[in-house]
Each structure stands twice: as C-alpha cells, then as structure tokens.
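Now for the letters of each chain:
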Amino acid sequence: MSYRSKDIYTADGTTQVFSVTFPFISRTHVSVTVNGVAATFSFNNDSQIVIASPTVVSTNKIVIKRLSSDTLRLVDYVDGSNLTESDLDLDSKQAFFMAQEALDERDSHLALDLTGADSWDALSKKITDLTTPTLATDASNKSYVDAQIDTSTTNADNAAASATAAASSASDATATETNVTNITGSIAWHYVFDSSTTMADPTAGKVRLNHGTLASVTNIAFDALTNDSNDISDLIASIDDGTNNSHEGFVTIRKNGTPATFAVYAVSGSVTDNTGWLQVPVTHVASGGSLSNTDVLYIGMTRSGNLGATGATGPQGSIGNTGNAATLSMGTTSVSTVGVGGSATASATNSGSTSAATFNFVFGIPTGATGSTGSTGSTGSTGSTGSTGPTGPTGPQGTTGNTGAQGPTGSQGAAGDATLADIIALG
C-alpha cells in the first residue's frame, strides 16, 4: 500500500540508510520509528536518512513519517501586507500536507467496508492492544481466542478420551458380562424348571421339586447335565460326603431376573445317584415367590465342612453356691442269690427323701457250680497209738516165742493235713 506522507520498510539487517520519498516543509516535521520505538537519525539529504540507533536488524519495521504542525500556523496574514507567492505556497503546503497526513492516517486505520458489507475493514492489518472481551458481541484478541482454542482442544481431547473410555467401558462391560456369566456358572448352575412333582429323570438341563409349594419340598430331582450341558453329577453326589452328619449342606435356587423368587434347602440325608439323574433329600429353610414351568433357574450347592477336632478343655467354672446339707443314713443291707452263670448285682434304694436319705443296699452274689473232686492227697504220717480196743476172742495158743526186750515209748507225731476227700470220708 502506498502512502502520501510516510515510508515503511522491512529491514534486511545490513543497511541503516533509508529513502524519504515524500516532500516536507521542515526536517523537524519528519520522525523515524523502529518497531514502534522512536529512533535517532540524521539526514544525508532531503531524500535520505541514516539511523544511528537502535541498530537495525533483519525484519525490523522502519516507519519514516511526516507530521506537519497542526498547532502552529507557518504563515500569518496581516492587513495591508504584501502577498507573496512563497507565503501563499507555504500556507497552502501546510494545509495540503496536513490533509495528506490525515488521509494516510485514515487509510491506516479501520474503515467501513466500501463493498457495502456494513462491517469494518482492517485493510489486512493486525489489530493490537485489544482487551479481553466481556460481552458476546465484543471483538476478541488472539490470547483469548488461543485460550478458547486450548480449552476447546482440551475439551475435544477430553471428549475423545471420554469416547475412548466409553468404548473401553463398553468393551469392559461386555467382558464383565461374560465374566459374570462365567462366574455365575462357577458358583450357581444353570437349570430349567420342570413343574412335574414326580421324582424321576427331569431330562437334560432340568430340575424338579416333589411339591408345588416351595416351603413343602422334601426332595429335589436333578438331571446330571445342566442347561449348559455340564455334567455335575459328581458335584451333586458329593454334597452328603462330609462328616458333619447333622448338617450336610445347602441347595440355593434363584429365578433368573427375579431375585425375590428363591428357595433355600438344607440337605437332610444321603443323595441317591440314579445314573443320569440324582435325588437329593432336603428340608426347607427359606423361600419366596413361586416357580412356573420352564422358568430359568440358577442353583448353588454348598457342602458343610467336616467336623472339626475336639477343642481344648475350657477353664474350670467357678464354684457353685453351697447347697443345703442333706441327712444320710444307712438302711438295710441284704444279699440275694443269683443263679449259676448269672452276674453279680448291686442296687441301692432311697426309702427317705432328698434331704434325709436312707439308702438300702441289695447285693446279688451268684452261686458257683460244684467243683470237680480233687485228687487224693498224700498219706499223712502215722498218728499216735490209739486207745486199746476191746479184747478179741481168744485165739488158739501159739508157740511161745522168745520174749524180747521192751523198747522206749516214741514221742507223739504231729497231726496230719486232712484233704477234702478225707473230710468227705469222715463225714
């Protein structure tokens, strides 16, 4: 764009000398700026200046500008004075130059778009020192716009991240659904309800109850195969394998999609494996709602743990209060006969009261069988000579023998031991 009263240059970094292409009345009416800062310069001639400072470097913007005086009239007309050409020219130059400078300022500033667009035309120039807008209709500076772009970019990035996270969440949700299905299968088995109450094979994937009311069920018939074709017959058969016979385990039934419809049963006896289906005896624990034929069920089975080891003996309890003293007295004591081969007995009865007891004892002593006759004991030593028996009849006269000397009388011998046979012989 050409101007009437100024020259604009972009420095190349090597020259400090620049041309002045516009006329001026006085060199004092000329100013020079480098990137908007007043420069120190001198004239080589009326058509050339040299910048002393600052040192001009590449890309600096050099503006050489004429500013004719708009406060001081250079020509003052006086009545009766002579009008000269030079005075008239000087006066008109001042006015002419000021008009040019005004036009240049106009052309250098925002102007209405002459195309009829009813807008301002910045003439392809930057608008500087624009403050931050506060109203929706205010112009915006670059800093504000950049901040909005950064915010928008951040929001876009966040939106993209959110979209990615949402997609990931959707994927995770799908994976979670799969995992939940897998987990559900690991803790509860998928069966379909058969409303028949007959305890027989309910066919693959089905289960039966022996009563239409959940609270009255005492037996459950499971097919060996779940509705997912998993054979869990060994699992069902193992519910009664624990050593806690008073409590074998639990069977929990839930209707799919209806948590309020459920039943919990305690396993109450041995499971019967019928090859292909199994019957489990149960006792009702809790239930809610009711089941209909073909309802989808999830059934959990838990076995009670084995009986634990006997715990250590607890500490001795505190001594109880002393009770009322009771009077004890001995009653009768008797012995009864128990037949051969019987057992000895003993009994005590109280013929008194709890506070004045009189105990009567009866002992039963069995009679032993008669023992066999013992062997004959050895002959005891000769006892002392008994008293003289009665005189026998006189025998015939024998031949008289020689009379022997009379021996001394022997001491009396000790009494011999009598055997049972001897006593019996004496008796």
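Details of the structure are given in the entry above.
Predicted model only: the values in this text are computed from it and were never measured. (Residues numbered from 1 in each chain as written. Predicted model: local features only at pLDDT ≥ 70, side-chain atom pairs only at ≥ 80, totals over all residues. Heavy atoms only, no water.)

What about the pairing of strand 14 (residues 258-267)?
The pairing of strand 13 (residues 249-255) with strand 14 spans 7 bridges and is antiparallel. Along strand 14, the bridge assignment pairs G249 with V267. Between the antiparallel neighbours strand 13 and strand 14 lie 2 residues, among them G257 with a positive phi of about 80°. In this structure, strand 14 lies alongside strand 16 (residues 277-288), joined through 6 bridges in antiparallel fashion. (Pairing = 2+ DSSP bridges. Helix = DSSP H or I, 4+ residues; strand = E, 2+ residues; numbered from the N terminus.)

With respect to the side chain of R208
Within the element layout of this structure, R208 appears in strand 11 (residues 206-209). Judged by its relative accessible area of 12%, R208 is buried. In this structure the side chain of R208 is engaged in a polar contact, spanning 2.9 Å, whose partner is the backbone oxygen of T198. Dropping the residues within four chain positions of it, R208 is found in contact with D194, S196, T198, M199, A200, D201, P202, N219, I220 and A221. (Buried < 20%, exposed > 50% of the residue type's maximum accessible area, 1.4 Å probe, protein only. Polar contact = N/O pair within 3.5 Å; in protein donor to acceptor, adjacent residues only side chain to side chain. Contact = heavy atoms within 4.5 Å.)

Concerning unusual backbone geometry
Residues S53 and P54 are joined by a peptide bond in cis, for which omega reads 0°. Note that P54 resides in the loop between strand 6 (48-53) and strand 7 (61-66). The residue T59 is not glycine, and still its phi comes out positive at about 75°. Of note, T59 is situated in the loop between strand 6 and strand 7.

Here we look at the packing of aromatic side chains
Considering all chains together, one arrives at 5 aromatic pairs under this definition. Aromatic pair F41 and F43: ring centres 5.8 Å apart, planes at 65°, arrangement edge-to-face. Since its relative accessible area comes to 24%, F41 is described here as partly exposed. Positioned above the aromatic ring of Y3, the side-chain terminus of K6 is 4.5 Å from the ring centre. The ring of F97 has R66 sitting right over it, with the charged end atom 3.9 Å from the ring centre. (Phe/Tyr/Trp six-rings, centres within 6.5 Å; stacked < 30°, edge-to-face > 60°. Lys NZ or Arg CZ within 6 Å of the ring centre and 35° of its normal.)

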